[in-house]
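Here is how the chains run, residue by residue.
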Amino acid sequence: MVGHNPLFSWRDSRGDIRPMVKTHAIERVNSILMTWGWGTTFGHSFQIGGTSFYLAKKVDPEIVRIAGCWKLLAYETYIRAFEQISLLHLANATIL
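One numbering rule holds for all chains: residues counted from 1, following each sequence as written. Residue-level local features of this predicted model are given only where pLDDT is at least 70; pairs of side-chain atoms are given and counted only at 80 or more, and the full residue set underlies all totals for whole chains, interfaces and linings. With hydrogens and water set aside, each side-chain value is computed from the structure's full complement of heavy atoms.

**A closer look at the overall build of the protein chain**
Numbering of helices and strands starts at the N terminus; helices are DSSP runs of H or I of at least 4 residues and strands are runs of E of at least 2. Per the secondary structure count, the protein chain includes four helices and two strands. When the elements of the protein chain are put in sequence order from the N terminus, they spell out β-β-α-α-α-α. By the compact-globule yardstick of 12 Å for 96 residues, the protein chain is too spread out, its C-alpha radius of gyration being 18 Å. By its C-alpha atoms, the protein chain is 55 × 35 × 30 Å across when sized along the principal axes. The size measure is the radius of gyration over C-alpha atoms, and the globule rule it meets is 2.2 Å times the number of residues to the 0.38 power.

Listed below in structure tokens is the structure:
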């Protein structure tokens, strides 16, 4: 049943549904990036991107930390950097 399959899944050569695991997802993304000559990425890139996205959407930072499985010190370091970058971009933004 489609509704009971993992959100990110694929069919193997026998037709069985398999969940997409991190290693396979990163391998697939990297194969596409390499095809286009854009280098490679790591799983951490997605964690940072997701964190930035939800912080920009004003989701409670503690919720973002817990959902992203961040260790407190790493998260605090990242959140400070995110705030500094955000302020820099806001300072350089022009009103149209």
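Structure's up, so let's keep going.
**Digging into helix 4 (residues 72-92)**
The first and last C-alpha atoms of helix 4 sit 30 Å apart over 21 residues, in line with the 30 Å expected at 1.5 Å per residue. Only protein chains enter the accessibility calculation, which uses a 1.4 Å probe. A residue is then buried if its area is under 20% of the maximum for its type, exposed if over 50%, and partly exposed in between. Regarding helix 4, the residues found buried are Y75, Y78, I79 and F82. One side of helix 4 carries all its buried residues, which in axial view fall inside an arc of 105°. In this structure, helix 4 carries L73, Q84, L87, L88, A91 and N92 as exposed residues pointing more than 90 degrees from its buried face. Looking at the buried positions of helix 4, the neighbouring elements they touch are helix 2 (43-56) and helix 3 (61-67). Each residue after the first adds 1.5 Å to the expected span of a helix. What the arc measures is the spread of directions leading from the helix axis to the C-beta atoms. Any two residues having at least one pair of non-hydrogen atoms within 4.5 Å are treated as being in contact.

**Topic: unusual backbone geometry**
Of note, K58 is a non-glycine position whose phi angle comes to about 65°, a positive value. On the accessibility criterion, K58 (75% relative accessible area) is exposed. In this structure, C69 takes a positive phi of about 55° despite not being glycine. By the secondary structure assignment, C69 is in the loop between helix 3 and helix 4. Overall, the relative accessible area of 65% leaves C69 in the exposed class.

**Some thoughts on the packing of aromatic side chains**
Describing an aromatic ring pair means giving the distance of the ring centres and the angle of the ring planes. We call Phe, Tyr and Trp rings a pair once their centres come within 6.5 Å, taking the six-membered ring for Trp, and we label the pair stacked below 30 degrees between planes, edge-to-face above 60, and tilted otherwise. Enumeration over the complete set of coordinates arrives at two aromatic pairs. A centroid spacing of 5.0 Å and a plane angle of 85° characterise the contact between F53 and Y54, whose relative ring orientation is edge-to-face. With relative accessibility at 44%, the residue F53 sits in the partly exposed group.

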